[in-house]
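# Report on the structure
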Amino acid sequence: MAAASPSLAHIIRQTAQDVPHPTQPGKTLWDARDEEGPFEGIGDEEFMASYAASELKRYALDTGIEPLGSGSDFTVFLQHLGVSALVPMLVA
C-alpha cells in the first residue's frame, strides 16, 4: 500500500503492476496489496473500524492509491514547495 500526490498515483500503480510478486509466481506486487498477512486473532475494535473505512476509501479511488493527507513530514514539500511526494507503506 502507498499514498502519494495525485500526480504520482498512476505511475505507482503501473510500476506495481509491472513488478513480479516476491513470493508467488504469476502475480504482481499490485496483487499483494490485497493480502492480509500472517496476523491472527481479534484486533482492536477501533483500529479495525478505521482499517475497514480506509479500505473502502482506497477501493473507491480510480488508481487505488490514497492521496496524501496533511500534517506529516512531507507536507512542506507538497504544499509549500510544490514537490510531489509518495509514502510507501511496507508491511513485514
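How each quantity is defined
- Residues numbered from 1 in each chain as written.
- Predicted model: local features only at pLDDT ≥ 70, side-chain atom pairs only at ≥ 80, totals over all residues.
- Heavy atoms only, no water.
- Helix = DSSP H or I, 4+ residues; strand = E, 2+ residues; numbered from the N terminus.
- Buried < 20%, exposed > 50% of the residue type's maximum accessible area, 1.4 Å probe, protein only.
- Contact = heavy atoms within 4.5 Å.
- Areas by Shrake-Rupley, 256 points an atom, 1.4 Å probe, with all protein chains shown as cover.
- Arc of directions from axis to C-beta.
- Polar contact = N/O pair within 3.5 Å; in protein donor to acceptor, adjacent residues only side chain to side chain.
- Core = buried A, V, L, I, M, F, W, Y, C linked by side-chain atoms within 4.5 Å.

On to the overall build of the protein chain, then. A count of helical and extended segments in the protein chain gives three helices and three strands. The linear arrangement of helices and strands in the protein chain, starting from the amino end, is β-α-α-β-α-β. Burial statistics for the protein chain: of 92 residues in total, 23% are counted as buried. Counting contacts in the protein chain only where the partners sit at least 6 residues apart, residues at least 24 apart contribute 58% of the total. Total accessible area computed for the protein chain in this model is approximately 6,800 Å², and 61% of it derives from carbon and sulfur atoms.

Here we take up helix α1 (residues 6-18). Each full turn of the α-helix corresponds to 3.6 residues, which orients residues three or four apart in the same direction. Residues of α1 that are buried: Leu8, Ala9, Ile12 and Ala16. Each buried residue of α1 sits inside an arc of 120 degrees when the element is viewed along its axis, so together they form one side. Away from the buried face of α1 by more than 90 degrees, exposed residues Ser7, His10, Ile11 and Asp18 are located.

In this structure, Ala2 sits in strand β1 (residues 2-4). For Ala2, a relative accessible area of 11% puts it in the buried group. For the pair Ala2 and Ile65, spaced 63 residues apart in sequence, the C-alpha separation works out to 6.1 Å.

Checked against the element boundaries, Thr63 lands in the loop between α2 (45-60) and β2 (66-67). Here Thr63 falls in the buried class, since its relative accessible area comes to 5%. Only 3.2 Å separates the side chain of Thr63 from the backbone nitrogen of Ile65, close enough to count as a polar contact. Excluding residues that lie within four positions of it along the chain, Thr63 makes contacts with Ala9, His10, Arg13 and Trp30.

Residues Ala2, Ala4, Leu8, Ala9, Ile12, Ala16, Trp30 and Ile65 constitute the largest nonpolar core, which totals eight residues. Take this core: its biggest share by element is four residues, from α1. Not counting chain neighbours up to four residues away, the residues in contact with Ile65 comprise Ala2, Ala3, Ala4, Ala9, Ile12 and Trp30.

Let us now look at the environment of Glu66. Within the secondary structure layout, Glu66 lies in strand β2. Among the residues examined, Glu66 registers a relative accessible area of 13% and is labelled buried. Note: C-alpha distance between Glu66 and Ser54 (twelve residues apart in sequence) is 8.9 Å.

Bringing the side chain of His21 into the picture now. Note on placement: His21 falls in the loop between α1 and α2. In this structure the side chain of His21 is engaged in a polar contact, spanning 3.0 Å, whose partner is the backbone nitrogen of Thr23. Looking at His21, its side chain comes within polar contact range of the main-chain nitrogen of Gln24, at 3.1 Å. Not counting residues within four places of it along the chain, the set of residues in contact with His21 comprises Lys27, Thr28, Leu29, Ala32 and Glu35.

Honestly, it's all geometry; don't read function into it.
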